[in-house]
Amino acid sequence: TILHIYLLVQGMVSLTTAVLSILALSLLPLYSSTRKREKASLVIVGYGGAGSCAALQAAEEAAKKNKEYKIVILERFDGGGATLRSGGVCYAGGGTKQQEYTEVEDNPENMFKYLKAELEDSVSEELIRKFCHSSASDISWLQSYGVPINQANHIGKCYPKKASMPPAGYTLYFSGSENAAPFNRIAKPAQRGHMPSGTRNTVGGGFHIFNALRVAVSSSSSIQVRLLSKAKSLILGPDEDNGVSGVNVVTLEGAPVLIRKLFLLAYTINSTISPFRPFDKISCFIISWIERWYGTEYVLESEDGIILAAGGFGRNEKMVEEYIPKYKGLFNVAPMGSDGSGICLGTKIGACTAMMQSGASWKFLYPPFSFTKGILVNQFGQRICNEDVYGARLGKVAIEDNKGLAWFIIDRRIYEEAMAELQNDNDIPFAPKFQGYLNLYVNRYKRVSLVDLAQACGFASKHKLQETILRYNKFCSEGKDEDFGKARESLQPLLQSPFYAINYCAKNKYWFTPWLTMGGLKVEETTGLVIRGKDKSIIKRLYAAGRNASGLPSKSYVSGLSIADCVYSGRRAGRHAVLNGT
């Protein structure tokens, strides 16, 4: 009922916006601007986590050199991007002050061992090592700009158990698979998910991070933010080998106030994090129509370079169809600004991309924590992974290795334990608690025998599930999971009828599968400079950061790694642009 009311209100607001926008566009006069050409020291495309970090780091470096510096951030909408709409987790370790305060033992080498195993071969060992060694200082740097990550007066607590997000009051937790096999045999488990103080909900914590960065950017005399300003195309120097020299900009900054408000309202509705977006097409039409009729162009030249930090490509249907069609139809959490425009700016002048076929989806079995005792099987009734790993690893195995077809099997004992946990554990946030009840009451099949359960799920063999559970029960009795190494405390035999099969399929509408894109422009790892496709040379003065670049989380994802990469890659690009500029 609450969901229906929410959708009704959203629909009414969207429809009202559409009508008002069309009326306004037909009645108001066209706007013409006198701005033609402008110069800046550094131009940043995108005002989210990566873009703001790049700007602040560049301003710092310019101040150290005692040079007058003009940084211009171009933002098509009102800023924040995916960082603003995220849970606000920042992945950091190696001995942060927060880890020391809560007595979590960690060091850069231990963090490196885990991330090397988690990220596989997506980036070089050198990059992972540098990231780990700078991780603690990146957190301190964010705090210096007022980002409330476990501040000294509200350091918070360390959550000891597995969680998709920690309960209120906990600001440090396991945000990956650190304490699950095989990773807990490779590196000592350590909590590295750093949360902004006081946040609880899955969505909304990112506001605390970006709001602090926004205040810092606004306070800098070296940084100018141009909202409602879209980077249309990059400008190459007289000689192609000289790299980029500027950008063509389409701006609405001088358009009538009503038009600008309608533009941002349509964007806000379009970027609502919801599995249901019935008015996406009409809001996209309104936005493009306003830009076409009220946008004016000018040239913005840059002396030291251009940093592309405009987000991923999850809202670009053509790019999704081309690169990651397996994610079509899933719960797309990307805001409208993540339309691949920054990536396309680079490819149009010959830049190459990397890991574009890589996405990240997540669907947590826990909480309730009793669910880690069940087994996850594919359409053939075969177990597919260790059930107590991080939700994005579960999602990856289900989507990429099993065509998005998976079922979670439990027995009556686990069902009753999970129900009691949901009813009595007040630390479980509302969203996972609601999903837990939905899975136990609605999103499942219930049968007396395993053969009947396999038939209900449509498994290829009605006996394979029974064989899988017999094998699993043997591991439970021996206290060792020979197939996937699940923790001993999560090994509980499935013996008590009735049995339940909870639908874990990717396109299941009772249990949505959120996802985002991971690939981007290929960059030189020590500088962030974009690499040209035809000869693998550097495109001078062109950088990419955040999800515009193929970075640390480009193949495997843990909570907070995207924001941490935005900070790391943004600072890297801003630093290099100033130190190697004119």
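About the thresholds
- Residues numbered from 1 in each chain as written.
- Predicted model: local features only at pLDDT ≥ 70, side-chain atom pairs only at ≥ 80, totals over all residues.
- Heavy atoms only, no water.
- Helix = DSSP H or I, 4+ residues; strand = E, 2+ residues; numbered from the N terminus.
- Buried < 20%, exposed > 50% of the residue type's maximum accessible area, 1.4 Å probe, protein only.
- Areas by Shrake-Rupley, 256 points an atom, 1.4 Å probe, with all protein chains shown as cover.
- Lys, Arg positive; Asp, Glu negative; His and termini not counted.
- Charge placed at Lys NZ, Arg CZ, Asp CG, Glu CD.
- Contact = heavy atoms within 4.5 Å.
- Salt bridge = Lys/Arg side-chain N within 4 Å of Asp/Glu carboxyl O.
- Expected span 1.5 Å × (residues − 1).
- Arc of directions from axis to C-beta.
- Pairing = 2+ DSSP bridges.
- Axes fitted to C-alpha atoms, helices over the stretch in contact; angles between N-to-C directions.
- pLDDT = per-residue confidence, 0-100.
- Disulfide = S-S within 2.5 Å.
- Core = buried A, V, L, I, M, F, W, Y, C linked by side-chain atoms within 4.5 Å.
- Phe/Tyr/Trp six-rings, centres within 6.5 Å; stacked < 30°, edge-to-face > 60°.
- Left-handed = near helix turned anticlockwise from the far one by under 90°.
- Nonpolar A, V, L, I, M, F, W, Y, C, P; charged D, E, K, R; others polar.

## A short note on the overall build of the protein chain
Alright, step 1. On a plain count of helices and strands, the protein chain comes out with 18 helices and 23 strands.
Alright, step 2. Summarising its shape, the C-alpha atoms of the protein chain cover approximately 75 × 55 × 50 Å along the three principal directions.
Alright, step 3. Sorting the 582 residues of the protein chain into buried and exposed places 59% on the buried side.
Alright, step 4. Accessible surface computed for the protein chain: about 23500 Å², of which carbon and sulfur atoms make up 55%.
Alright, step 5. The protein chain carries 68 positive and 53 negative side-chain charges, and their two centres are separated by 4 Å.

## Details of the environment of Ser338
Alright, step 1. Relative to the helices and strands, Ser338 resides in the loop between strand 13 (331-332) and helix 12 (341-347).
Alright, step 2. With a relative accessible area of 7%, Ser338 lands in the buried category.
Alright, step 3. Spatially, the C-alpha atoms of Ser338 and Arg315 are 5.7 Å apart, while their sequence positions differ by 23 residues.
Alright, step 4. Apart from residues lying up to four places away in sequence, Ser338 is in contact with Ala310, Gly311, Gly312, Phe313, Gly314, Arg315 and Asn316.

## Quick look at the pattern of salt bridges
Pairing between side chains of opposite charge can happen when the charged atoms of each approach one another.
Alright, step 1. Taken as a whole, this structure holds 30 salt bridges when the rule is applied.
Alright, step 2. Measuring nitrogen to oxygen at the nearest pair gives 3.1 Å for the salt bridge that ties Asp339 to Arg76. Of the two residues, Asp339 sits in the loop between strand 13 and helix 12 while Arg76 sits in the loop between strand 3 (71-74) and helix 3 (81-84), which places them 263 residues apart along the sequence.
Alright, step 3. On the accessibility criterion, Arg76 (16% relative accessible area) is buried.
Alright, step 4. With a closest N to O distance of 3.1 Å, Glu387 and Lys486 form a salt bridge. Here Glu387, found in the loop between strand 16 (375-378) and helix 13 (391-400), pairs with Lys486, found in the loop between helix 17 (464-478) and strand 19 (499-503); they are 99 residues apart in sequence, far enough to count as distant.
Alright, step 5. For Lys486, a relative accessible area of 3% corresponds to the buried category.
Alright, step 6. Among the charged side chains, a salt-bridge network with shared partners connects Arg383, Glu387, Asp481 and Lys486.

## Some points on helix 14 (residues 412-424)
Alright, step 1. For helix 14, spanning 13 residues, the distance from its first C-alpha to its last is 18 Å, which sits close to the expected 18 Å at 1.5 Å a residue.
Alright, step 2. Among the residues of helix 14, those classed as buried are Ile414, Tyr415, Ala418, Met419, Glu421 and Leu422. One side of helix 14 holds all its buried residues, which, seen down the axis, span an arc of 160°.
Alright, step 3. Contacts made by the buried residues of helix 14 are with strand 17 (406-411), helix 15 (430-441), strand 18 (444-447) and strand 19.

## Re the sheet that holds strand 17
Alright, step 1. Read across the sheet, 4 strands follow the order 16-17-19-18 without closing on themselves; strand pairing throughout is antiparallel. Bordering the open sheet on either side are strand 16 and strand 18, each of which pairs with just one other strand. On average, each strand axis in the sheet is tilted by 25° relative to the strand beside it, whichever way the strands run.
Alright, step 2. Bridge analysis of strand 18 against strand 19 gives 4 bridges, and the strand direction is antiparallel.

## With respect to helix 10 (residues 280-294)
Alright, step 1. For helix 10, spanning 15 residues, the distance from its first C-alpha to its last is 21 Å, which sits close to the expected 21 Å at 1.5 Å a residue.
Alright, step 2. Along helix 10, the residues classified as buried are Ser283, Ile286, Ile287, Ile290, Glu291 and Tyr294. Projection of helix 10 onto a plane perpendicular to its axis shows the buried side chains occupying an angular sector of 125°, all on one side. Counted as exposed and oriented over 90 degrees from the buried face of helix 10: Lys281 and Arg292.

## Focus: the sheet that holds strand 9 (residues 229-236)
Alright, step 1. The strand order across the open sheet formed by 4 strands is 1-11-10-9, and the pairing between neighbours is mixed. On the outer flanks of this sheet lie strand 1 (37-40) and strand 9, each paired with one strand and no other. Put simply, the sheet's adjacent strands are angled 30° from each other on average, direction ignored.
Alright, step 2. Note: strand 10 (residues 244-251) against strand 11 (residues 296-302), 6 bridges, orientation antiparallel. Residue pairing in the sheet places Val249 in a bridge with Tyr298 of strand 11.

## Quick notes on the confidence of the model for the protein chain
Interpretation of this model should avoid reading the predicted coordinates in detail wherever pLDDT is low.
Alright, step 1. With 91% of its residues at a pLDDT of 70 or more, the protein chain has an overall mean of 90.
Alright, step 2. For the stretch residues 24-32, pLDDT sits under 50, and the model shows 21 contacts to residues farther than four places along the chain or on other chains.

## Thoughts on the state of the cysteines
Alright, step 1. Enumeration according to the criterion identifies 0 disulfides in this entry.
Alright, step 2. Unpaired in terms of disulfides, Cys352 finds its nearest cysteine sulfur in Cys344, a separation of 14 Å.
Alright, step 3. There is no disulfide at Cys566, and the cysteine sulfur nearest it, in Cys53, is 7.5 Å away.

## With respect to the nonpolar core
Burial of nonpolar side chains together is a common tendency in soluble globular proteins.
Alright, step 1. Residues Ile71, Leu115, Phe131 and Leu142 are the most contacted members of the largest nonpolar core, which totals 77 residues.
Alright, step 2. When residues of this core are assigned to their parent elements, the largest contribution, 9 residues, is made by helix 18 (residues 561-579).
Alright, step 3. Each residue touching Leu142, except ones within four places of it in the same chain, is listed here: Cys53, Cys90, Val147, Ile149, Leu213 and Val567.
Alright, step 4. Leu394, Trp407, Ile410 and Ala454 belong to the second largest nonpolar core, which has 42 residues in total.

## Focus: the packing of aromatic side chains
Alright, step 1. For the structure on display, the rule yields 21 aromatic pairs.
Alright, step 2. Here the aromatic rings of Tyr47 and Phe210 are separated by 5.2 Å at their centres, their planes lie at 70°, and the arrangement is edge-to-face. Remark: Phe210 occurs in helix 8 (residues 206-219) and Tyr47 occurs in the loop between strand 2 (42-45) and helix 2 (49-64); sequence separation between them is 163 residues. In this structure, Tyr47 and Phe210 share a single accessibility class: buried.

## So, the packing of helix 2 against helix 8
Alright, step 1. Two elements in contact, helix 2 and helix 8, have axes separated by 10 Å at closest approach and are oriented at 35°. For the pair helix 2 and helix 8, the crossing hand works out as left-handed. Mapping the contact onto sequence places Gly49, Ser52, Cys53 and Leu56 in helix 2 and Phe210, Leu213, Ala216 and Val217 in helix 8.
Alright, step 2. Along the lines of polarity and charge, the residues of the contact of helix 2 with helix 8 split into 6 nonpolar, 2 polar and no charged.

## Some remarks on the environment of Lys64
Alright, step 1. Summarising the element assignment, Lys64 is placed in helix 2.
Alright, step 2. Judged by its relative accessible area of 63%, Lys64 is exposed.
Alright, step 3. Distance in space between the C-alpha atoms of Lys64 and Lys39 is 22 Å, their sequence separation being 25 residues.

## Concerning the pairing of strand 16
Alright, step 1. Burial along strand 16 is two-sided: Ile375 and Val377 facing one way and Leu376 and Asn378 facing the other are all buried.
Alright, step 2. The sheet contact formed by strand 16 and strand 17 spans 4 bridges and is antiparallel. Directly across from Val377, in strand 17, lies its bridge partner Trp407.

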